[in-house]
Each structure stands twice: as C-alpha cells, then as structure tokens.
Amino acid sequence: MLQLYNTLTHSKVPFTPRDPKQVGMYSCGPTVYSTPSIGNYRAFFTADLIRNVLKNLYNYPVKSVMNITDVWHLTSDGDTGEDKLEKGAKKDWLTAREVAKKYEKEFLDGLQQFNIERFDVMPRATDHIPQQIAMVKTLIDKGYTYIIEGDGIYMDTSKVEEYGELMGPNYKKRLENLNAGERVKMNGKKHATDFALWKFSPKEETRQMEREFPPYGMGFPGRHIECSTMSSQYLGKQFDIHHGGADHITIHHPNEIAQSEAAFDLHHPDRRVNYRVHNEFLQIDGGKMSKSLGNVYTLTDIIERGFSPLDLRFFFFMAHYRSFQNFTWDALKQAQTTRHNLQKKLTTTTPHDTNLDNETIKQEKINNPQRKALAEPLSDDLNTPKFLSNLNSILAKPDEKTLTIIQRFDKNILKCDLFQNSNTTNAWEKTAIPSEILTLANDRLNAKKEKNFALADQLRAQIQEAGFEIKDTPGGFEIKKVR
Ligand SMILES: [Zn+2]
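So, a few notes on the structure that sits alongside this text. Remember, it's a predicted structure, so these values are computed and weren't measured experimentally.

## Details of the nonpolar core
The biggest cluster of nonpolar side chains holds 75 residues, and the ones touching the most others in it are I38, F44, I50, V53, L312 and L378. Broken down by element, the residue count for this core peaks at 11 residues, all from helix α1 (residues 38-57). The residues that make up this core include at least three from each of domain 1 (3-279) and domain 2 (295-414). When sequence neighbours within four positions are dropped, the list of residues in contact with I50 reads M25, I241, H243, V277 and L382. By size, the runner-up hydrophobic cluster in this structure holds 20 residues, among which are I129, M155, Y163 and W198.

## Let's talk about unusual backbone geometry
Between P214 and the following residue, P215, the backbone shows a cis peptide bond with an omega angle of 0°. By secondary structure assignment, the location of P215 is in the loop between β8 (211-213) and β9 (217-221). Residue P269 is bonded to the preceding H268 through a cis peptide linkage, with omega at 0°. Relative to the assigned elements, P269 resides in the loop between α7 (252-263) and β11 (273-279). At K415, a residue that is not glycine, the phi angle is positive and equals roughly 50°.

## A look at helix α13 (residues 400-414)
Taking 1.5 Å of rise per residue, the 15 residues of α13 would be expected to cover 21 Å, and the 19 Å separating its terminal C-alpha atoms lies within 8% of that figure. Every buried residue of α13 is accounted for by T402, L403, I405, I406, R408, F409, D410, K411, I413 and L414. The inward-facing, buried residues of α13 abut α1, α9 (309-317), α10 (329-348), α11 (369-379) and α12 (384-394). Where α13 ends, the next residue or the one after it, K415, has phi of about 50°, a positive value.

Calculation notes
- For every chain, the first residue of the written sequence is number 1, and numbering continues from 1 along that sequence.
- Local features in this predicted model are restricted to residues whose pLDDT is 70 or higher, and side-chain atom pairs enter the listing and the counts only when it is 80 or higher, whereas totals over whole chains, interfaces and linings include all residues.
- Under the definition applied here, buried Ala, Val, Leu, Ile, Met, Phe, Trp, Tyr and Cys residues are grouped into a nonpolar core through C-beta atoms within 7 Å.
- Each residue is classified by how many other C-beta atoms fall within 10 Å of its C-beta atom, where C-beta atoms are placed from the backbone; a count of 20 or more means buried, 12 or fewer means exposed, and values in between mean partly exposed.
- Secondary structure is summarised from DSSP: a helix means a run of H or I of at least four residues, a strand means a run of E of at least two, and numbering begins at the N terminus for each.
- For every domain, the bounds stem from an assignment made automatically or drawn from a database.
- Note on contacts: each residue gets a C-beta atom placed from the backbone, and two residues are in contact if those atoms are within 7 Å.
- The span you would expect from a helix comes to 1.5 Å times its residue count less one.

As structure tokens, then:
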C-alpha cells in the first residue's frame, strides 16, 4: 500500500483515495514571469513522481492539475510589493501578457525536456477571473471578510478553525507569537495572518492587468485565491492530494485551506483535501539559490555545461523529495556518470524484450522479487534513493526478466531513458532536430501504428534523404543527424 507523508497530520499515512475511480491531484505551478530555475524543477519533478506512482504503479485513474499563474502576483508572498509579471514586463520591454506567453512556452518546453508529460489540466489564472471573483463574493456573504479602504478585501483568519495547522504541532503558539510580535506591519489588518482576497487597483496608476469587481471597482485577485478556484473547478470541492513546495507551508497553503474550506462549509474532520504533500528546497553549493549570488541556474545552463536535463532528473531521484538536496556541478557530474554507466550496462547486456508499448507495470506478478525491490521503496513515501540502490543491487546479475522489469520502471516512473545509449540522441537533443523532421518521424510512428508499413518506409526514406537516421525505441523513436 502506498504511504505518503501528510503535512496535515505531520506523519506518514496510508493513501486511500476518496473515490478509487478517480484520484484528484493538484500541484501549485509556476508563475510565468521568468525562466524556471532548477529549484522550480524539483517541484515539477515531485508532482510528476507522485502522479506516475499513483498512475503507473498503483494503476489509479488520476486526474492531475497544475496551474499556470500568468497574472497578478505580488513580489512578496504577503500582500505588498510590485506585481511580478508587470515587473518582468518592464524589464523585458514587453507587455505583461507577452511576458506570460513567452515564459509559459519555456516552462512547457522544459517539462518535455525533463520527460514530464503534460498534466491533465493546466489552467491559466487569467482564464478564471470570474470564478475567483465569485469565490470572494461567497466569502463576503458568509461573513469571513473585511475591507481595508484603498487596499483590498481581506480574509479574517480568526474566523477559521485551526488556521495554520500545516506549520506543525506548535502552530497555535507560533501564531500567537506572530500576532503579538511588533515586527509585523499590520497595515490595517486585524490579525497578522489575515490576507488579501482581492486588491483594489491604486487610484493614481493604471495597471496592465486589472478587472472590474462591482461594486468595489477595478482591482486584481489576491495571491492565493486562484488555486482554490481552479482546483475546485477541475477536481471538485473535495479531492485527494494537493502538492507544492515546502515554501508554501507557512503562508500560501494555510491561506488556500482557510478560504476554500470556509467557502465550501467544510469543517474538521471533513477536509477539502486529505493529503497535503510538500517537497523540500534545492540548495545550491550548500546555501540558498538567489539572484544576487548569481546561482539561479536554469535548464539552459545545465545544457550549456554539457548535461542533459535527464541527468538533473536522475540527480533529483538520488535524494528523497522531503530532504534538502544540495546541488553542485560536481554532484550533477556524478549523477551523469552514474546514469551513463547504467545506460551502458543496460544497452549492452543480453537483448531484451523491447516490444512493451502496450504493457504496464501492473501486469507484473506481485510476488516477483525484483519488481518488489523496486516497487516497495516507491510505495514508502516515494523513497527514490532506496529505489536506486535496489536497482543497482538487482542489476548485479541481470537476467531477461529483470531487464524487462527495469525497462518498465524506467519507462513509467524513472523516465531517465536508461535504455538509450548515452552516445545517441536523448530527450533534450530531440528538440534540436528540425521540426519538419520531427513531423515526418511522428507521421511515420502513426503510420506504423496503423500498420501502413509502405507509408512508414517512404517516410523513413525521406528522413534519411534529409540527412537524419531514425531508430525505433520502446518510447517511440530516436533521431540522429548523420551528415
Ligand atoms: Zn497554489
């Protein structure tokens, strides 16, 4: 049975879905105002890992949602500061809309390079403003809010039971200290933890992004409301898992819980979401990643230094998602070497069954010891380091069956292309192949699926004529430039 660490209970608990016919999972996605850092990728990676384990190891039908925040976030997690998108726009001489579009594309391309399949729904905050306004209205009607003139509509967190419980067993004491503290600027708030649901546009300036909310005039949503609105729209008032980075444990997620449980009249022990899962930060050279230190690395930096994004994916597998992981270039090099060694071993051992397209891990016999060695650590709160060490052990004496099992795990969960030769094309290099060639290759794949082999051969000839070589792989194909 799958065990997950639940931040709500501060313990590892068995995972039982509300409805085994559909597991609902929401993950807090990126704000598209700059290129995602490798730290952001640790969060996307964790979302992908949870989804893949539920779907491909436990065979649950999963509906996964990751939002795209393309508007209206202030630079601080509180309710002050400049809008990130408008700030990004000023920097790049673009409109806020153009900035969002540009970085959304970078984010989606990055997921592909990282072998992360798109989540089932990837809603944009700007496409859901009326829904956000509707939720704020509900909270006003239910008496949870107050207005700060010239500022915005605020959520009164004292009216919410167990506000802040995510912070840990001592959260009440922590909140008391916070409220008593003199360092917190209240700016008209009744309690330090109260937060904006809706901000009024400043009278003296015109924002690029604002919306009318009668009778309150022009404004924009608070930082947290989009996640409550979009998750309920696509997954219902109650669903199974809400995932995000550990930085959300103190502000964003307590606020998300407070406003959504209040809006939907949910009270303990009937929760909106039963499992709150958080991944820990990525550190760089033992410290924080920050612009001022110049160590906010992106996938492009990784590629420019001769790594594949899948080396980074493998690196993430080497640490448990709930521990801090320290990134150094040496550590990434080690991950790359280990990955290449595995690739060498797996592509040169005895030929194995590559015809697995319609097979899945679920078809493995439960009592197969090799399968167990790989499945058990993943079932134990996604223990990926243990998974890798077991992988190493069972590889000591690989037989046909073992290779088949490893191949399935690599295809469905690890997704580090271990069965591709490290000297040939890997996922990110596919993107360097001209798009017209990729189109021909995809057409050929479809032709083969439809058993139209004459067409497939003709397309292969066209690809070769253009100077590329195509090879079939379990996941589809590999293309290499040959001249
Ligand atoms: Zn969120």
